[in-house]
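# Understanding the architecture of this molecule
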Amino acid sequence: SQPLGIGFDDDGVADQIRDGMQGAKLGIKKGAQARVVGGRPLVHGTRQLARRVQRAKGKGLNELSIGFTTLPVVTVFTERPFNIAVERDDQLGLCRIREAMGIAAEKGLKEGLALVS
């Protein structure tokens, strides 16, 4: 197992991301909040997160999934084309970016992001 390399405040919000560590490599950004650990909701912040990680290590687990809510990406286009391909995900009930190119990619849009208004 590798160090996550993320520092959290009391509420489970990432306030430090260490370069080169697992969290940075996975694209976790400051402000992302840990919400699910090992498939179970995280409701008591960093203390609960730390307990679950320690429990998983104690069981000898080499992997543990942590789900984060991320900060929204807000993008305003002032010209066309937008350079994004969008698809409807009926299972999730939302529209997602299938592909982002050119100016859209430069503005931080990428595959998998949901479109909301």
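Up top you'll find the structure we're talking about.
In this report, we go over the structure that sits alongside the text. (Residues numbered from 1 in each chain as written. Predicted model: local features only at pLDDT ≥ 70, side-chain atom pairs only at ≥ 80, totals over all residues. Heavy atoms only, no water.)

## Overview of the layout of surface pockets
Put simply, the largest pocket is a space of about 640 Å³. Lining of the largest pocket is provided by 22 residues; of these, Q2, L4, V53, L64 and I66 occupy positions nearest its centre. Contributions of two or more residues to the lining of the largest pocket are made by α2 (45–58) and β5 (66–69). Of all the elements, α2 adds the most residues to the lining of the largest pocket, at seven residues. For the lining of the largest pocket, the residue count by class is 13 nonpolar, seven polar and two charged. (1 Å grid on protein atoms, 1.4 Å probe; cavity = no way out; pocket = protein on both sides within 12 Å on 5 of 7 lines; lining within 4 Å. Points joined across faces, edges and corners; volume = space filled by probe spheres on them. Helix = DSSP H or I, 4+ residues; strand = E, 2+ residues; numbered from the N terminus. Nonpolar A, V, L, I, M, F, W, Y, C, P; charged D, E, K, R; others polar.)

## What to know about the sheet that holds strand β4 (residues 40–41)
Across the sheet, which stays open at both edges, the three strands sit in the order β4-β3-β5 with antiparallel pairing between neighbours. The strands lining the two open edges of the sheet, one partner per strand, are β4 and β5. (Pairing = 2+ DSSP bridges.)

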